[in-house]
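# Working through the structure, step by step
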Amino acid sequence: MEEKPIPRSVKKRLDGWFITFWAFTICHYLFGIGGVLASTIAASSDESNVSRTFGTIAAVCIAFVGFVKPDDKYRKHVIAWRILDEKVNLYRFGLIELNDLVASMNLAEKTLDQIEREVGKSN
């Protein structure tokens, strides 16, 4: 069975969401672990310059995680990516048609929008 090529606009959206969810995942762990390590170094250091420097780094890292909330951003983009990725695979192997693929892309976009609205209500 020959695979169908994925329309460029769908592929671009799928790749964008994939990159976005990985970028926010990396940010979440990088800044989270960085904040914990920096605060540990600040707390355990006898030198005031080291404590001050690493305390500032810890504060910035933890503030980033708390303000930007990369885990929320990761979650919403991975949900949209999973919806579209499933349909892209079905389309590639001829199990659904283009109109179903486009409808799935629209569903993924609406899901992103709905998640953003729900998060906005809780803040």
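Read on for a plain summary of the structure. Just so you know, these numbers come straight off a predicted model, no measurement behind them.

Definitions and cut-offs
Residues numbered from 1 in each chain as written. Predicted model: local features only at pLDDT ≥ 70, side-chain atom pairs only at ≥ 80, totals over all residues. Heavy atoms only, no water. Helix = DSSP H or I, 4+ residues; strand = E, 2+ residues; numbered from the N terminus. Expected span 1.5 Å × (residues − 1). Buried < 20%, exposed > 50% of the residue type's maximum accessible area, 1.4 Å probe, protein only. Arc of directions from axis to C-beta. Salt bridge = Lys/Arg side-chain N within 4 Å of Asp/Glu carboxyl O. Core = buried A, V, L, I, M, F, W, Y, C linked by side-chain atoms within 4.5 Å. Contact = heavy atoms within 4.5 Å.

## Here's the deal with helix H2 (residues 48-68)
For H2, with 21 residues, the first-to-last C-alpha span of 29 Å sits near the 30 Å given by 1.5 Å per residue. Those residues of H2 that sit buried are Ala58, Cys61 and Val65. In an axial view of H2, the angular spread of the buried residues amounts to 65 degrees, which keeps them on one side of the axis. Exposed residues on H2 whose side chains face more than 90 degrees from its buried face are Asn49, Arg52, Val60 and Phe67. Lys69 occupies a position one or two residues after H2 and carries a positive phi of about 55 degrees.

## Overview of the pattern of salt bridges
By the definition in use, this model includes 7 salt bridges. Its salt-bridge partner being Glu109, residue Arg13 comes within 2.8 Å of it at the nearest N-O pair. One end of the pair, Arg13, is in helix H1 (residues 8-44); the other, Glu109, is in helix H4 (residues 98-122), and 96 residues separate them in sequence. For Arg13, a relative accessible area of 30% translates into the label partly exposed. What makes Glu109 partly exposed here is its relative accessible area of 31%. The residue Lys76 makes a salt bridge to Glu116 at a minimum N-O spacing of 2.7 Å. Of this pair, Lys76 sits in helix H3 (residues 70-92) while Glu116 sits in helix H4, placing them 40 residues apart in sequence. For Glu116, a relative accessible area of 43% gives the class partly exposed.

## Some details on the nonpolar core
Val10, Trp17, Leu84, Val88 and Leu101 are the most contacted members of the largest nonpolar core, which has 15 residues in total. Residue assignment for this core shows that the elements contributing at least two residues are H1, H3 and H4. If you tally residues by element for this core, the top one is H3, at 6 residues. For Leu101, the residues in contact, after removing those within four places along its chain, are Pro7, Val10, Leu84, Lys87, Val88, Tyr91 and Ile96.

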